[in-house]
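# Fold and contact review
In case you want the letters, here they are:
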Amino acid sequence: MFTASFEINRNKTITFISKGLEYFIPEPEILPGKTIDRVTNFIPDIRKFINPALKGEGFELQVSFTFPDKRQREIRVSITPVKDRDHLISSVLFVLMELKPDKHIKKTGDEYTKKDLLSILESTPEGVVVVDKSWVIRFMNPAAGRILDKSRNELTGTEYPYRLTRRKKKEVSIELADGTLRIIEMQSSRFVWEKKPAQIIYLKDICAERIVRDGLMNVITDAVVFLDNTGKPWHYNKLSAQIFHITENQPEKNSIIAQMGEYFKKEDAFIEKAEHLLSSDEAFFDTLHHRDGWIFEWFSHPVFLHGKKIGRIMSFHDSTRQTLAGARMKRQNRFYAMLSGVNQALVRTQSIREMTRETCRVAVNEGGFSLVWTAFADKNADVFKVIHAEGDDPELSHRFSGKLSKMANIGLPAAKVCITGKPVVMNDIRKEFRGKIQREILRSGYLALASYPIRVKGKIRGSFTVCSKEPGIFQQQEKALLKKVAGDISSSLEPLKMRRSGEMLSGNCRKMKKNTVPCSRRIWPECTIQHPTAGCLMQTGG
């Protein structure tokens, strides 16, 4: 009998031919680099076994074959898948053996085929075990003995202790003689051993890999996802699985990117950037906002192996607390700056109108509010009037001037404050406010509002109102600062009102002085002017 072999890769391209193959097929027809079609033209019976072999199944068949010299003979074809170090099918080995040898050909025997196959199985670094239908071990290579921590003589002929489903991976933990734990990944496929149906089982020690993946990776406080160059997940830790609900099987290309994108507010922008990064070598950093309110720092970096990019790592760090704390600190600093600016303005101003203008301006520029207005009210006269407004849309506040009772009935917070004397704070107008006023305010983009009463001598004389396009900004400390601002405005109003009254009285006196003459008869020492018609003395100041 005569034997020869050849090997193909996953692209069905011939990568190796042994000596003597020309005995079966003319040499010009089958050379390295040619496709398997050159072989199937001569042996069409093996065509249907190629794809299953590339998926991990082994076969042995007997076919009728016409040799190049037109002789008709029976040959046996053994088809064996070969795996690489990563437990993936890398190639398929075909062994051709003539069953009825020619007299002029030197017999090599069936031992040559078995020897060739055993040489491959013995030298592979991956553990290999062959079992029959009864799960009795018929063969195991040295690597399998090292992985199972047993000698071949000890296990050969005994029943294999682990049952497997064909072509499905299974992880098994075994305790070694020294008490340590070893994790083994197993996978089986159909095989033919000594002309009988069998199964070949591949063993791989993944203990070190699992320590890194499940031990170290799950200790990391960030959500981490490894993607290959096609966008499929190679690995992810438990935190990322919890946040993005990642499953083991992602059937479509880039489906995991689309799945992660569903949890971010800017979904399309995330998916577009992530898909672009798959084909890029750049490192990338950005801040993402989760739909549930979390804030993530997204870092993405390519992974290289031997100078070639094999994938990309994406990590998501939960920076919600730090971001919100930083934003709140900046906001409080703005409020303190506003309080200081308002106090300085109150000292400089000489009139009520100037004071309202300056306080509104400072609240917008220093406090960062989008709209600020000051209104005065008179309960007895039923009047509510906006004196001054600053911000994006000051005309909006002036539309609220009118009858105090009407403004309060339609739900205007600034008017309610003037009636009840209690501050009104709304951190989310969409949820805490209803009616026509709400629609007008929301249409301008304002989401939060706070209004505080202004008092003069204990009586409510108006309100100070601020609006923001950022919801939830009025917390306990912010409320206290706004109350302080409203209190300072109230404290400055009384002297300004008295000063205005004094200026009005002095003006009246000046007018009256023009029509008076010096008085020689003084009833009161402080009397300085005399009315020309009354014939009596008038006291200064009226």
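Residues numbered from 1 in each chain as written. Predicted model: local features only at pLDDT ≥ 70, side-chain atom pairs only at ≥ 80, totals over all residues. Heavy atoms only, no water.

### Points about the overall build of the protein
When its secondary structure is counted, the protein shows 17 helices and 23 strands. Looking at the protein as a whole, 45% of its 542 residues are labelled buried. Intrachain contacts of the protein at a sequence separation of at least 6 include 47% that bridge at least 24 residues. By element, 51% of the accessible surface of the protein is carried by carbon and sulfur atoms, the whole surface being about 30000 Å². (Helix = DSSP H or I, 4+ residues; strand = E, 2+ residues; numbered from the N terminus. Buried < 20%, exposed > 50% of the residue type's maximum accessible area, 1.4 Å probe, protein only. Contact = heavy atoms within 4.5 Å. Areas by Shrake-Rupley, 256 points an atom, 1.4 Å probe, with all protein chains shown as cover.)

### Some words on the nonpolar core
One finds Met338, Phe369, Val372, Phe464, Val466, Phe474 and Leu482 to be the most contacted residues of the largest nonpolar core, which totals 29 residues. When contributions to this core are tallied by element, the ones reaching two or more residues are helix H10 (320–348), helix H11 (352–365), strand S16 (371–378), strand S20 (448–456), strand S21 (459–468) and helix H17 (476–513). By residue number, the principal contributor to this core is H17, which donates six residues. Among residues more than four places away in sequence, those in contact with Phe464 are Ala363, Val372, Trp373, Thr374, Ala450, Ser451, Tyr452, Ile454, Val485 and Ile489. (Core = buried A, V, L, I, M, F, W, Y, C linked by side-chain atoms within 4.5 Å.)

### A short note on the sheet that holds strand S6 (residues 127–131)
The antiparallel open sheet is built from five strands, whose spatial order is S7-S6-S10-S9-S8. Each of the sheet's edge strands pairs with one partner strand only, and the pair in question is strand S7 (137–140) and strand S8 (170–175). Strand-to-strand twist across the sheet, computed as the mean angle between neighbouring axes with direction ignored, equals 30°. Sheet topology places S6 next to strand S10 (residues 196–205); five bridges connect them, and they run antiparallel. (Pairing = 2+ DSSP bridges. Axes fitted to C-alpha atoms, helices over the stretch in contact; angles between N-to-C directions.)

### Side note on the sheet that holds S16
Taken in spatial order, the six strands line up as S18-S17-S16-S21-S20-S19 in an open sheet, and their pairing is antiparallel. If you trace the sheet from one side to the other, it starts and ends with strand S18 (402–403) and strand S19 (424–426), each paired once. Of the pairings in the sheet, the one linking S20 to S21 comprises nine bridges and is antiparallel in character. From the neighbouring strand, Val456 faces S21, where its bridge partner is Lys459. On the sheet, H11 packs against S16, strand S17 (383–391) and S21 and is oriented at approximately 45° with respect to S17. Sitting on the sheet, helix H14 (residues 413–420) touches S16, S17, S19, S20 and S21, and the angle it makes with S21 is about 155°.

### Here we look at the pattern of salt bridges
Tallying each qualifying case throughout the model produces 14 salt bridges. In this structure, the salt-bridge partner of Asp205 is Arg182, at a minimum N-O distance of 3.6 Å. Separated by 23 residues along the polypeptide, Asp205 in strand S10 and Arg182 in strand S9 (residues 181–193) bring together distant segments of the chain. For Asp205, a relative accessible area of 37% corresponds to the partly exposed category. (Salt bridge = Lys/Arg side-chain N within 4 Å of Asp/Glu carboxyl O.)

### Overview of the side chain of Glu126
By the secondary structure assignment, Glu126 is in the loop between helix H3 (110–123) and S6. At 5.5 Å, Lys83 is the nearest oppositely charged side chain to Glu126, a buried residue that forms no salt bridge. In contact with Glu126, other than residues within four places in its own chain, are Lys83, Asp84, His87, Asn141, Ala143, Tyr202, Leu203 and Lys204. (Lys, Arg positive; Asp, Glu negative; His and termini not counted.)

### A closer look at the pairing of S17
Sheet analysis places S16 next to S17, joined by eight bridges and oriented antiparallel. Bridge pairing links Asp378 to Val383 in S17. The sheet contact formed by S17 and S18 spans two bridges and is antiparallel. Within the sheet, the bridge partner assigned to Val383 lies in S18 and is Lys403.

### Some details on the packing of aromatic side chains
Under the criterion given, the structure shown has 19 aromatic pairs. Judged by centre distance (6.4 Å) and plane angle (50°), the rings of Phe270 and Phe316 are tilted. You can see Phe270 sitting in helix H9 (residues 267–278) and its partner Phe316 sitting in strand S15 (residues 308–318), a full 46 residues away along the chain. The buried category is assigned to Phe270, whose relative accessible area is 2%. Through a chain of ring-to-ring contacts, three or more aromatic side chains come together here, namely Phe244, Tyr263, Phe264, Phe270, Phe284, Trp294, Phe296, Trp298 and Phe316. (Phe/Tyr/Trp six-rings, centres within 6.5 Å; stacked < 30°, edge-to-face > 60°.)

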